[in-house]
Amino acid sequence: LAKTTQPISMDSYEGQEVNITCSHNNIATNDYITWYQQFPSQGPRFIIQGYKTKVTNEVASLFIPADRKSSTLSLPRVSLSDTAVYYCLVGVPFSGNTGKLIFGQGTTLQVKP
Amino acid sequence: NAGVTQTPKFQVLKTGQSMTLQCAQDMNHNSMYWYRQDPGMGLRLIYYSASEGTTDKGEVPNGYNVSRLNKREFSLRLESAAPSQTSVYFCASSEAYTGGTQETQYFGPGTRLLVL
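Here is a short report on the structure shown in this document. (Residues numbered from 1 in each chain as written. Chains lettered and ligands numbered in written order. Predicted model: local features only at pLDDT ≥ 70, side-chain atom pairs only at ≥ 80, totals over all residues. Heavy atoms only, no water.)

1. Describing the overall build of chain B
When helices and strands are tallied, chain B shows 0 helices and 11 strands. Reading the secondary structure of chain B in the N-to-C direction produces β-β-β-β-β-β-β-β-β-β-β. On C-alpha atoms alone, chain B measures out to a radius of gyration of 14 Å, which is about the 13 Å that the 2.2 N^0.38 rule sets for 116 residues. On the principal axes, the C-alpha backbone points of chain B span a range of 45 × 30 × 25 Å. The contacts of chain B with a sequence gap of at least 6 include a subset with a gap of at least 24, amounting to 56%. Accessible surface for chain B amounts to roughly 5,200 Å². Of this, 49% is attributable to carbon and sulfur atoms. With 10 positive and 9 negative side-chain charges, chain B shows a spacing of 9 Å between the two charge centroids. (Helix = DSSP H or I, 4+ residues; strand = E, 2+ residues; numbered from the N terminus. Rg over C-alpha atoms; globule rule 2.2 N^0.38 Å. Contact = heavy atoms within 4.5 Å. Areas by Shrake-Rupley, 256 points an atom, 1.4 Å probe, with all protein chains shown as cover. Lys, Arg positive; Asp, Glu negative; His and termini not counted. Charge placed at Lys NZ, Arg CZ, Asp CG, Glu CD.)

Set out below in structure tokens:
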């Protein structure tokens, strides 16, 4: 499983766009990149997943360059409720051969008023 | 749908006591997982069950046992609790379909365990 590196913490203000970058130099051909969000006292929840280029959903965008050695989670116009820990995960399709998601320390995003 | 439920929400044990953490999911998922999360750290996989009837060790299995009771339920047992097992325990499940994208895991609310 590819190791990931992301900043330990980030600060932002309400209404700003936040970009969190994750490095995964050893990503394998079959690996996908997935981001999870964890609020205090809750379990992580899926935000977005991608393989290459750009993926967008109602919550965030994920930018993946051609070499796939990094990815950037973009949160548009953050609010106080976006204060959470964000985890970048890289892994192979499970195909029943489960399924060891590796959660690093994540990035603690603090949104200030 | 309740998703993934865990009981109890909070538990205090004395060193050497035993207990079982319960987890159930109503999404008809094949795979289930137990993680622990220590302060300031990410989640670490304890055990997982790829499908009903199978279990495998994760990253930190020592001191724990698991039972996949049926497709819905996956329990985690501490036979002789130690202070080092003080943590927040999360159960998760995923569909485990073949091929396709990396699977999404759905997490329960967690069980906070304090071992004195």
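2. Thoughts on the sheet that holds strand S4 (residues 45-50) of chain A
Residues and elements named next belong to chain A. Taken in spatial order, the 5 strands of this open sheet run S1-S9-S8-S3-S4, and their pairing is mixed. Where the open sheet ends on each side, the last strands, each with one partner, are strand S1 (9-13) and S4. Each strand of the sheet is rotated relative to its neighbour by a mean of 25°, with strand direction disregarded. One ladder, built from 3 bridges, connects strand S8 (residues 84-91) with strand S9 (residues 107-112); its direction is antiparallel. What sits directly across from Tyr86, in S9, is Thr107. (Pairing = 2+ DSSP bridges. Axes fitted to C-alpha atoms, helices over the stretch in contact; angles between N-to-C directions.)

3. A short note on the layout of surface pockets
Looking at the largest pocket, its volume works out to about 390 Å³. Lining the largest pocket are 23 residues, with Gln38(A), Val85(A), Gln37(B), Gly40(B) and Met41(B) positioned closest to its centre. Secondary-structure elements contributing two or more residues to the lining of the largest pocket are S8 of chain A together with strand S9 (87-94) of chain B. Here the lining of the largest pocket is built from residues that sort into 10 nonpolar, 11 polar and 2 charged. (1 Å grid on protein atoms, 1.4 Å probe; cavity = no way out; pocket = protein on both sides within 12 Å on 5 of 7 lines; lining within 4 Å. Points joined across faces, edges and corners; volume = space filled by probe spheres on them. Nonpolar A, V, L, I, M, F, W, Y, C, P; charged D, E, K, R; others polar.)

4. A short note on the sheet that holds strand S6 (residues 61-64) of chain A
Residue and element names in this part refer to chain A. The 4 strands are arranged S2-S7-S6-S5 in an open sheet whose pairing can be described as antiparallel. Lying at the two open borders of the sheet, with one neighbouring strand each, are strand S2 (18-23) and strand S5 (53-56). Between one strand axis and the next, the sheet turns through 15° on average, direction left out of account. The pairing of S2 with strand S7 (residues 70-75) spans 6 bridges and is antiparallel.

5. Considerations on the state of the cysteines
Applying the stated criterion to the full structure yields 2 disulfides over all chains. Two residues share a disulfide in this structure: Cys22(A) and Cys88(A), whose sulfurs sit 2.2 Å from each other. In this structure the cystine formed by Cys22(A) and Cys88(A) twists about its S-S bond by roughly -80°; its chirality is therefore left-handed. Of this pair, Cys22(A) sits in strand S2 while Cys88(A) sits in strand S8; the two residues are 66 residues apart in sequence, bridging distant segments of the chain. Of the residues examined, Cys88(A) reaches a relative accessible area of 0% and is grouped as buried. Here Cys23(B) connects covalently by a disulfide to Cys91(B), the sulfurs 1.8 Å from one another. Here the S-S torsion is close to -75°, and the disulfide linking Cys23(B) with Cys91(B) is therefore left-handed. On the criterion of sequence distance, the pair formed by Cys23(B) in strand S3 (residues 19-25) and Cys91(B) in strand S9 is long-range, its members being 68 residues apart. (Disulfide = S-S within 2.5 Å. Buried < 20%, exposed > 50% of the residue type's maximum accessible area, 1.4 Å probe, protein only.)

6. Structural notes on the pairing of S3(B)
Residue and element names in this part refer to chain B. For S3, a buried count of 5 out of 7 residues is recorded, marking the element as mostly surrounded by other parts of the structure. Both strand S1 (residues 4-7) and S3 contribute to a ladder of 4 bridges, which runs antiparallel. Pairing of Gln6 across the sheet is with Cys23, part of S3. Where S3 meets strand S8 (residues 74-78), 3 bridges bridge the pair, whose relative direction is antiparallel. Directly across from Leu21, in S8, lies its bridge partner Leu76.

Without other data, these values stay purely geometric and don't point to any function.
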